[in-house]
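Architecture at a glance
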Amino acid sequence: MAGTRSPSPRSLSDGSFRPVMVGGCVAAFVMVLSPLVAIVWISFFENKIISFPPTGYTLDWYRAAAAMPQFRDGFVTSLKLGVVATLVSLIAGVPAALVLARGRFPGREAIQSLLLAPLIVPGIVAGAALYMFLIEVELASGVQVAMTFWGLALAHSLIALPWTVRLVTASLVGLDPQLKEAALTMGARPLTAFRLVTWPLIRPGVVAGALFAFIASFVDLEKSLFLVGPGVTTLPIVIVNYLEWSIDPTIAAVATVQIAVISAGLVLTDRYFKLARAF
Amino acid sequence: MSNILIRDLIKRHGALVTVDRVSLEIGQGEFIAFLGPSGCGKTTTLRMIAGLTPASAGSIHFGTREVTHLPPYLRDAGLVFQGYALFPHMSVAENVAFGLQMRKVDREEARRRVDEVLSLVKLAHLAGRLPKELSGGQQQRVALARAIVYKPEVLLLDEPLSALDAQLRTEVRTELKRLQSALGLTTIFVTHDQDEALSVADRIVVMSAGRVEQVGTPREIYQRPATRFVAEFIGRTNLFPGGLDGPGRFRSESGERFAFGNADAPSNASALAIRPEHVSLQRGAPAPGGACTLEATVEDVIYRGALTEVVVRTASGARLAAHLHNADSGRDDLRPGDPVVASWPADAPMLF
Amino acid sequence: MSALALTGEDSLTGGLPAPGATDRRRRRSSAGWLLFPSLTLVLAGLVLPLALMARTSVAHFDAASPDLVGFTLENYARFFGEPFYLMILARTLVVALSCTAICLVLGVPAAFVISRVESRALKTVLILATIIPLLMGNAVRAAGWMVLLADKGLINSALLSAGLIAEPVRILYTGSAVVIGLIAVLLPFMVISLESVFENIGTAYEEAAQTMGAPPWTAFFRVTLPLAMPGIFSGCLLCFVLAMNAYATPVLIGGPSFQMMAPKVFEQAIKVYNWPFAATIALVLMAVTLVLSVASSLALQKRYGVL
């Protein structure tokens, strides 16, 4: 290559761009995925004391975990809380999303920030505040709320709400209002128009919102921490409490069950609603 | 000596071949247009020349230097993108200076050359602006300035006028042609707009389905299209599928007989084409002998300003369009349903 | 907005679109009803509790009674007066900043590679592999690090059985372990926010830079990265805020001796029952996070214009 006008000759580092970028990418995925891979793997180890390489593989730890009442109860409580929180967040969140998607009106930004705030205020701060608040309510009314299922349900509904608001609004914003108007001019009654035109279009957003809401509630740790009590403890808190005492394949089996539930839910959601759009 | 030499260039995407054995020699200072419908491989070819898309096979030389496997930053080409791709975070002057900085041109010299090229495109007064503060036409000129400031071996333009409105487009292409010949830049211009290609290029490369259909001057391309595709793609054409019916005679599928005088007609011709402007129309009886004429009925008369387009239909149902210049005759006397005789010069029909 | 407004409203009120003022009034009242449940939920579950927490932080602590008594700044005085708490705040800041920096260094290449992958299928897989861990919950991921890093964990027993070490290396219950654990938690947030940024920037600018003679690194640092700056900033902010407030990772992976702010809130509220002080720590944490976020966004705005 002669050309006096050609740019500066190829320096050694030019070829390093792709390898460095891909290397960074691989390192990032190793960081993110290795704890999950490790815990799933160990849940099948035969020996109770973790040793490498394992002497063999077994499913015994799943049986052992299922036999332990605290895990069973935690799982059931988390499931029930997730369902209640999802329902509440849909009842409260879908109408709110319909209003927010109308576009600009005075106070819209403020209302939107307020509804998304539970996502932004740190869990530990919000949890502590809610705990103190519920105790004050209890003192004033004489009804126990903190450390009951319904106290937790309130906290979890708040965790779930921003997700339904956000995803349903996102699915509505792209919606062409003329579709609905076209249906109205063609003689559809408004409720019929909603059922036949608006609903099918926002359904992916609602389904995704519900699934995200459920997952966010199911995995929550910080907010629930203050509000759990005897008899009402969520699975993540049972896991954390157990981990403070011992690390063994039983807890790995429990964690693997949670990983499986959440992954299945997310892969399912992705078919309705591209997950990347939720962020 | 040719400046750019492209030999058997191929681009494959799996089993799909998007550019198929394209070969081309481009002389120093020549203005070449790649013309073809979308998806014909013209932009892919341009990107391979720029080095943005790796070639699957074949070679590209800039002068004596083979660049086939060089990355874009070592090729020394200037590229104007379809959407311009001006760096939004840099001012006009910074955008233009970028290529000079990459070439380690010293600060003073770079400033002088940026000023020079900006006055060349008449934007010196906007040097400090950000791209988003400019109009579409101004952005286009910044993109051009940015690509020519470092005097690249070849200037590549990817549909550079498509984002401009019609009037501006004509203005800018004239300006572009003027600059190109003033600077003596070897230029490749990709477009799907035949008007653009015909009016600016020294030579046009017509492409279709990844292949080169014809390379020639605008006049050659229009007057002597090498293939049926070129005849149909460039300008308006009346096309009749059919076959030869003796020397100098062609018979269309629907039964019309055409006489023609071109000596170089292929013996296996399967179609005959006549440009509408070669067709003239007369009222009354056909000329004796029936050479180069066709009896027909007026179907439609469309006034189009400089010319009137008259569509006629033969007894067997074939349609023929004629472009009549309004300056000569003003054929507003023709009405749908009028019987007419269409005729053309003996050398007007083209055979494929 | 009018057209879209009608869509949302009459669908639920069942009213026919009426022109002019009546319509507008009706729309407003229907908006009120539609927003009522969600706003009530947020007010009762978040806004009022936070207000009460602010009040609690200026109350006098009396171990004998949970009633809020008096107005005093003694809790704040205690926090800022005791080196122990200032040290915890400083440690939390250092951990959060180093996590953010490392997340940036790993997240930029990861997001860039994902955004430039040509195969649709591979891109979907990579995005799912980013998002699934993000929503997996902190407990499970902390558990994963514990089985990896513990004295008798996977890494130590692998190193021992390979004969590379004679004694287990202490990794769990150290500051580095907390940083590692937090990076794993926060990195997906960084990757997912940067991925869409790089995706939106597209390849044209990089290609333009390259044809003008810029090698890949130069094109990346002079063109792509400056254009991604607003996204990079918000990604960093998110990581920083989440790291500042992390609870599960420091408690489980850091152990009792590696103390950070969020676990202290829990300890004071639930173990010591000193609500005023717990409220104070929580509010200091929020305030420091907020002030740093606003200050850095102002600084960046000055440098890069409106973000």
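These numbers were taken from a predicted model, which means no experiment stands behind them. (Residues numbered from 1 in each chain as written. Chains lettered and ligands numbered in written order. Predicted model: local features only at pLDDT ≥ 70, side-chain atom pairs only at ≥ 80, totals over all residues. Heavy atoms only, no water.)

1. Considerations on the overall build of chain A
The test is simple: Secondary structure follows DSSP: runs of H or I at least 4 residues long count as helices, runs of E at least 2 residues long count as strands, and numbering of each begins at the N terminus. The quantity called the radius of gyration is restricted to C-alpha atoms. Its globule counterpart is 2.2 Å times the number of residues to the power 0.38.
A count of helical and extended segments in chain A gives eleven helices and zero strands. Each helix (α) and strand (β) of chain A, taken in turn from the N terminus, gives the series α-α-α-α-α-α-α-α-α-α-α. Rg of the C-alpha trace for chain A: 25 Å, well past the compact-globule value of 19 Å for 279 residues, more than 25% over. On the principal axes, the C-alpha backbone points of chain A span a range of 85 × 70 × 35 Å.

2. Structural notes on the domain arrangement of chain A
Residues and elements named next belong to chain A. Selection criterion: Domain borders in the structure are assigned automatically or taken from a domain database. The contact criterion used throughout is that any non-hydrogen atoms of two residues lie within 4.5 Å. Buried area is understood as the total, over both parts, of accessible area removed when two parts are fitted together, assessed with a 1.4 Å probe. Residues adjacent in sequence count toward polar contacts only when both atoms are side-chain atoms; beyond that, a polar contact is any pair of N or O atoms within 3.5 Å, and within protein one must be able to donate a hydrogen and the other to accept it. Here the nonpolar group is Ala, Val, Leu, Ile, Met, Phe, Trp, Tyr, Cys and Pro; Asp, Glu, Lys and Arg are the charged ones; every other residue, Gly included, is treated as polar.
In terms of domain boundaries, chain A breaks down into domain 1 (18-58) and domain 2 (68-278). Computed over C-alpha atoms, the centres of domain 1 and domain 2 are 30 Å apart. Across the contact, nine residues belong to domain 1 and nine residues belong to domain 2. In total, domain 1 and domain 2 occlude about 690 Å² of area from one another, counting both sides; carbon and sulfur atoms represent 77% of this. Interface area lost by domain 1 to domain 2 is led by Ile39, Ser43 and Lys48, which between them contribute 56%. One can count one residue pair in polar contact (both at pLDDT 80 or more) joining domain 1 with domain 2. Class assignment for the residues of the side of domain 1 that touches domain 2 results in six nonpolar, two polar and one charged.

3. Some remarks on the interface of chain C and chain A
This is how the line gets drawn: Throughout this description, the term salt bridge denotes a Lys or Arg side-chain nitrogen within 4 Å of a carboxyl oxygen of Asp or Glu.
At the interface, 101 residues of chain C touch 95 residues of chain A. Of the roughly 8600 Å² buried where chain C meets chain A, counting both sides, 83% is carbon and sulfur surface. On the surface where chain C and chain A come into contact, there are zero salt bridges. For the interface between chain C and chain A, the tally reads three residue pairs in polar contact (both at pLDDT 80 or more). Residue contributions to the side of chain C that touches chain A peak at 20 residues, all from helix H2 (residues 20-57) of chain C.

4. Some thoughts on the pattern of salt bridges
All names here are of chain B. Rule in force here: Only protein chains enter the calculation, and the probe is 1.4 Å; a residue is then buried if its accessible area is under 20% of its type maximum, exposed if over 50%, and partly exposed in between.
Across all of its chains, the model carries 28 salt bridges over all chains by this definition. Where glutamate 299 meets arginine 319, a salt bridge forms, and the shortest distance between an N and an O atom there is 2.7 Å. Of this pair, glutamate 299 sits in strand E16 (residues 293-304) while arginine 319 sits in strand E18 (residues 319-325); the two residues are 20 residues apart in sequence, bridging distant segments of the chain. We classify glutamate 299 as partly exposed; its relative accessible area is 28%. Through salt bridges with shared partners, one network takes in Glu109, Arg112, Arg113 and Glu116.

5. A few points about the sheet that holds strand E14 (residues 271-274) of chain B
Residue and element names in this part refer to chain B. Rules: Two strands qualify as a pair provided DSSP detects at least 2 bridges between them.
Read from one edge of the open sheet, five strands run E13-E12-E11-E14-E20, paired in antiparallel fashion. Two strands in the sheet have a free side with no partner beyond their single neighbour: strand E13 (257-259) and strand E20 (350-351). Where strand E11 (residues 238-244) meets E14, four bridges bridge the pair, whose relative direction is antiparallel. Opposite phenylalanine 240, over in E14, you have leucine 272 as the bridge partner.

6. Re the interface of chain B and chain C
Facing the 22 residues of chain B at the interface are 17 residues of chain C. Across the chain B/chain C interface, buried area totals approximately 1700 Å², and carbon plus sulfur atoms make up 68% of it. Sorting the residues of chain B by area buried against chain C places Tyr73(B), His89(B) and Met102(B) first, and these three jointly supply 32% of that buried surface. Applying the counting criterion to the chain B and chain C interface returns one salt bridge. The salt bridge partner of Glu207(C) is Arg47(B), with a shortest N-O separation of 2.6 Å. Residue contributions to the side of chain B that touches chain C peak at five residues, all from helix H2 (residues 92-102) of chain B.

7. Things to note about the UniProt feature "transmembrane region" (unreviewed entry) in chain A
Residue and element names in this part refer to chain A. Quick note on the threshold: UniProt positions are given in the numbering used here, feature names are shortened, and annotations may be inferred rather than shown by experiment.
Sites flagged by UniProt as "transmembrane region" (unreviewed entry) map to residues 20-44, 81-101, 113-135, 147-175, 196-219, 225-243 and 250-269. End C-alpha to end C-alpha, residues 81-101 measures 28 Å, and it is 95% helix and 0% strand. Here residues 196-219 is 100% helix and 0% strand, with 35 Å between the C-alpha atoms at its ends.

8. As for the packing of aromatic side chains
Defined as follows: Here the aromatic set is Phe, Tyr and Trp, taking the six-membered ring for Trp, and pairing holds for ring centres within 6.5 Å; pairs whose planes are under 30 degrees apart are stacked, those over 60 apart are edge-to-face, and all others are tilted. Ring-over charges, as used throughout, are those where CZ of Arg or NZ of Lys falls within 6 Å of the ring centre and within 35 degrees of the ring normal.
This model, assessed by the stated rule, comprises 32 aromatic pairs over all chains. Between Phe17(A) and Phe112(C), the aromatic rings sit 5.9 Å apart at their centres with planes inclined by 80 degrees, giving edge-to-face as the arrangement. Remark: Phe112(C) occurs in helix H4 (residues 83-116) and Phe17(A) occurs in helix H1 (residues 17-42); the pair is interchain, linking two chains. In this structure Phe17(A) comes out as buried when scored by relative accessible area, which is 13%. Ring centres of Tyr131(A) and Phe226(A) lie 6.0 Å apart, and the angle between their planes is 35 degrees; on these two criteria the pair is classed as tilted. Of the two residues, Tyr131(A) sits in helix H5 (residues 123-141) while Phe226(A) sits in helix H9 (residues 222-227), which places them 95 residues apart along the sequence. The pair Tyr131(A) / Phe226(A) is uniform in exposure class, with both members buried. Three or more aromatic residues joined by ring pairs form one cluster here, namely Phe17(A), Phe112(C), Phe198(C), Trp217(C), Phe220(C) and Phe221(C). For the cation-ring pair, Arg78(C) lies above Phe277(C), with the distance from its terminal atom to the ring centre recorded as 3.9 Å.

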